[in-house]
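# Coordinate inspection notes
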Amino acid sequence: MARLALLLAAIGLVGIGVWRWATHWRPSPEVYPLQGVDLPVDAPVIEWGSVRAAGADFAYLAATSGIRDRAPHFEANWQALPEAGLRRGAMHELDPCLDGRAQADAFNAVVPRTADELPAAAAVLPAGDCSPADAARNVRAFVGTVETHLGKPVILQLSRTAERRWRLARTLDRPIWVAANLVRPGYIDRPWRLWRASDMRRVDGVEKPMNWSVVAP
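In this report, the structure presented in the accompanying data block is examined. Not measured: the values here are computed from a predicted model.

## Quick look at the packing of aromatic side chains
In total, this model carries six aromatic pairs according to the counting rule given. Three or more aromatic residues joined by ring pairs make a cluster, and in this case those are Tyr-32, Trp-192 and Trp-195. When the ring centre of Trp-212 is taken as reference, the NZ or CZ atom of Arg-201 above it lies at 4.2 Å.

The structure is reproduced here in structure tokens:
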């Protein structure tokens, strides 16, 4: 019994060690010099100095989701980023089964046009009651409207599930932002622009785990 207890304790310690490693890991800065975070629409006000100290160079903030939802702390976080030394970009949580132009209008109404902002990103949700053709049409309408407003190509964030469901990387010629924890993904059959390498990175001074991404070298 004592031997079993020691074995279980050892397994527990190993598990804790692995979890701590995983939640503090990020891709090598030597391989991926540009790294950053993205925040969901319900994110709180962030201590951006801590994020910068953890190695982030940029931050994408979800400003809107769907047609009606707005991030309550978008403006506060957006204004704080330059002072912390971080480049900033705005993101929309895009429902591909809702009217794309209406979603773009909601996004454009919240996101200011600034000279320093990065190209906008659209995080395409993986679920919805519509066909891939309808999804592509709505995403295309969103992209076109936002690009007219901001003057830069929109980046499409596509999880493995979203790409399997909608096949947008094959139909829309836009930069792609892939997502896979810890292991470089291969589910997109063309080069990607960004990789969300972790959705569980812990940063000192930030209450919740953060989405951590890198730019392709």
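## Topic: the pairing of strand β5 (residues 121-124)
Burial of β5 is two-sided: the residues Ala-121 and Ala-123 facing one way and the residues Ala-122 and Val-124 facing the other way are all buried. Where strand β4 (residues 87-94) and β5 come together, four bridges link them in parallel fashion. When the bridges of β5 are listed, Leu-94 appears paired with Val-124. Handedness of the β4-helix α4 (residues 100-110)-β5 crossover: right-handed. Bridging between β5 and strand β6 (residues 155-157) involves three bridges; their strand directions are parallel. Each residue of the ladder has a partner; that of Ala-122, found in β6, is Leu-156. Each parallel crossover has a hand, and the one from β5 via helix α5 (residues 132-150) to β6 is right-handed.

## What about α4?
Residue pairs three or four apart in sequence face the same way in an α-helix, which turns once every 3.6 residues. Taken as a whole, α4 has its buried residues at Gly-100, Gln-103, Ala-104, Ala-106, Phe-107 and Asn-108. Along its buried surface, α4 packs onto β2 (58-65), β4 and α5. Looking at where α4 begins, the residue whose side-chain oxygen comes 3.2 Å from the main-chain nitrogen of Arg-101 is Asp-99.

## With respect to the nonpolar core
If you look at the biggest cluster of nonpolar residues, it comprises 58 residues, and the most contacted ones within it are Trp-48, Val-51, Phe-107, Leu-156 and Trp-195. Top element by residues in this core is α5. It accounts for seven residues.

## Some words on the state of the cysteines
According to the stated counting rule, one finds one disulfide in the structure shown. Here Cys-97 engages in a disulfide with Cys-130; their sulfurs sit 2.0 Å apart. Torsion about the S-S bond of the Cys-97 and Cys-130 cystine: about -75 degrees, corresponding to left-handed handedness. Linking Cys-97 in the loop between β4 and α4 with Cys-130 in the loop between β5 and α5, this pair joins segments that are 33 residues apart in sequence. According to the relative accessible area criterion, Cys-97 is partly exposed, its value standing at 22%.

Analysis parameters
Residues numbered from 1 in each chain as written. Predicted model: local features only at pLDDT ≥ 70, side-chain atom pairs only at ≥ 80, totals over all residues. Heavy atoms only, no water. Phe/Tyr/Trp six-rings, centres within 6.5 Å; stacked < 30°, edge-to-face > 60°. Lys NZ or Arg CZ within 6 Å of the ring centre and 35° of its normal. Buried < 20%, exposed > 50% of the residue type's maximum accessible area, 1.4 Å probe, protein only. Helix = DSSP H or I, 4+ residues; strand = E, 2+ residues; numbered from the N terminus. Pairing = 2+ DSSP bridges. Right-handed = clockwise from strand over helix to strand, strands pointing away. Contact = heavy atoms within 4.5 Å. Polar contact = N/O pair within 3.5 Å; in protein donor to acceptor, adjacent residues only side chain to side chain. Core = buried A, V, L, I, M, F, W, Y, C linked by side-chain atoms within 4.5 Å. Disulfide = S-S within 2.5 Å.

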